[in-house]
Amino acid sequence: MSSRHLVFLGPPASGKGTQGRRLAKDLNLAYLSTGALLRRALRDGTELGRKARPFLERGEYVPDEIMVPMVLEWVGEQSDGWLLDGFPRTVPQAEALDSLLEVKPAAIILHVPDDELRRRVACRLECVECHRVAREGEGAQCPECQGDLEPRADDASASFENRLAEYRRLVIPAVSYYCDHQRARIVNGMGSPDEVYARVKG
Ligand code: ADP
């Protein structure tokens, strides 16, 4: 892994958060999950949360006009390497990120079949404090920060199917963008988190 500017793309529940956090920690990269950032804003009732709520509740993506300035600001504040989980999700987002950088980011694309994604969301939990991903049966508290583990509202089935449709419509073209620029690595996301991580590290 030579680049220290990394973006993780993949369908909902493909393991971006689990793998992205682990890789960022290992490589000592700053880490931002845009999904976690939005859910926190919702919970805290901030201006961003107020704007994003209707989209998140319908399982739709938040418009580029809201996402792009927010993420570019964060990237601009980083003095060393970073990893983005959940951004870019559209071609305009990918182009906006490229336009900011001299060293263009490399993309890791997690590939997981739809049936497996549906199985995973059915038992997925998230820590309301640190946003670590967990599974039913791991207990009621986060093993890292002791925050409450809860199902995500947007994992309810109608919302999940919408996110899957949004993934096909908007993210697949962004995946092609990175492939066309020879900056994409497609990783098989099936198997245990450790098995997938071994492939992610390459
Ligand atoms: P998942 O990948 O499981 O759908 P995330 O936590 O990455 O979950 O994102 C949750 C939701 O947050 C998305 O469905 C979308 O509505 C919104 N979101 C996150 N990142 C972006 C982005 N870059 N552009 C638009 N919407 C986003």
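Located above this text is the structure these notes cover.
Residues numbered from 1 in each chain as written. Predicted model: local features only at pLDDT ≥ 70, side-chain atom pairs only at ≥ 80, totals over all residues. Heavy atoms only, no water.

(A) Seen up close, the sheet that holds strand S2 (residues 30-33). Judged by pairing direction, the sheet is parallel, and its 5 strands sit side by side in the order S2-S3-S1-S4-S8 without closing on themselves. Strand pairing shows two members of the sheet lacking a second neighbour, S2 and strand S8 (184-188), which therefore form its edges. With strand direction ignored, the average angle separating the axes of adjacent strands in the sheet is 20°. When strand S1 (residues 5-9) meets strand S3 (residues 82-85), the two strands line up parallel, connected through 4 bridges. Bridge assignment links Phe-8 to a residue of S3, and that residue is Asp-85. Those strands touched by helix H4 (residues 64-77) are S2 and S3, and its axis lies near 160° from that of S3. (Pairing = 2+ DSSP bridges. Helix = DSSP H or I, 4+ residues; strand = E, 2+ residues; numbered from the N terminus. Axes fitted to C-alpha atoms, helices over the stretch in contact; angles between N-to-C directions. Contact = heavy atoms within 4.5 Å.)

(B) Expanded view of the packing of helix H2 (residues 34-44) against helix H3 (residues 47-58). Running from N to C, H2 and H3 point in directions that differ by 110°, and their axes come no closer than 8 Å. Between H2 and H3, the interaxial angle falls into the category roughly perpendicular. The two elements H2 and H3 cross, and the hand of that crossing is left-handed. Here Leu-37, Leu-38, Ala-41 and Leu-42 of H2 come into contact with H3, specifically with Leu-48, Gly-49, Ala-52, Arg-53 and Leu-56. A per-class count over the contact of H2 with H3 returns 7 nonpolar, 1 polar and 1 charged. (Parallel < 35°, antiparallel > 145°, perpendicular 65-115°, else oblique. Left-handed = near helix turned anticlockwise from the far one by under 90°. Nonpolar A, V, L, I, M, F, W, Y, C, P; charged D, E, K, R; others polar.)

(C) Structural view of the nonpolar core. Grouped together as the largest cluster of nonpolar side chains are 35 residues, with contacts concentrated most on Leu-9, Leu-84 and Leu-97. Broken down by secondary-structure element, the contributors of at least two residues to this core are S1, H2, H3, H4, S3, helix H5 (91-100), strand S4 (106-111) and helix H7 (157-180). With 8 residues, the top contributor of residues to this core is H4. Sequence-distant contacts of Leu-9, that is, excluding residues within four places in its chain, are made with Lys-16, Pro-88, Ala-107, Ile-108, Ile-109, Leu-110, Val-171, Ala-174, Val-175 and Tyr-178. Among the nonpolar cores identified, the runner-up in size contains 12 residues, and Leu-6, Phe-8, Ile-108 and Leu-110 belong to it. (Core = buried A, V, L, I, M, F, W, Y, C linked by side-chain atoms within 4.5 Å. Buried < 20%, exposed > 50% of the residue type's maximum accessible area, 1.4 Å probe, protein only.)

(D) The site of the ligand, seen in detail. Taken together, 20 residues surround the ligand, and among them Lys-16, Thr-34, Arg-39, Glu-60 and Arg-89 come closest. Side-chain polar atom of Lys-16 to an oxygen atom of the ligand: 2.6 Å apart, as the coordinates give it. Contact distances for the ligand include 3.1 Å between an oxygen atom and a side-chain N or O atom of Arg-124. Against a free-state accessible area of 550 Å², the protein chains account for coverage of 98% of the ligand. With 4 residues, the single largest contributor to the shell around the ligand is H2. Taken together, the residues that form the shell around the ligand break down as 8 nonpolar, 4 polar and 8 charged. (Near = heavy atom within 4 Å. Polar contact = N/O pair within 3.5 Å; in protein donor to acceptor, adjacent residues only side chain to side chain. Areas by Shrake-Rupley, 256 points an atom, 1.4 Å probe, with all protein chains shown as cover.)

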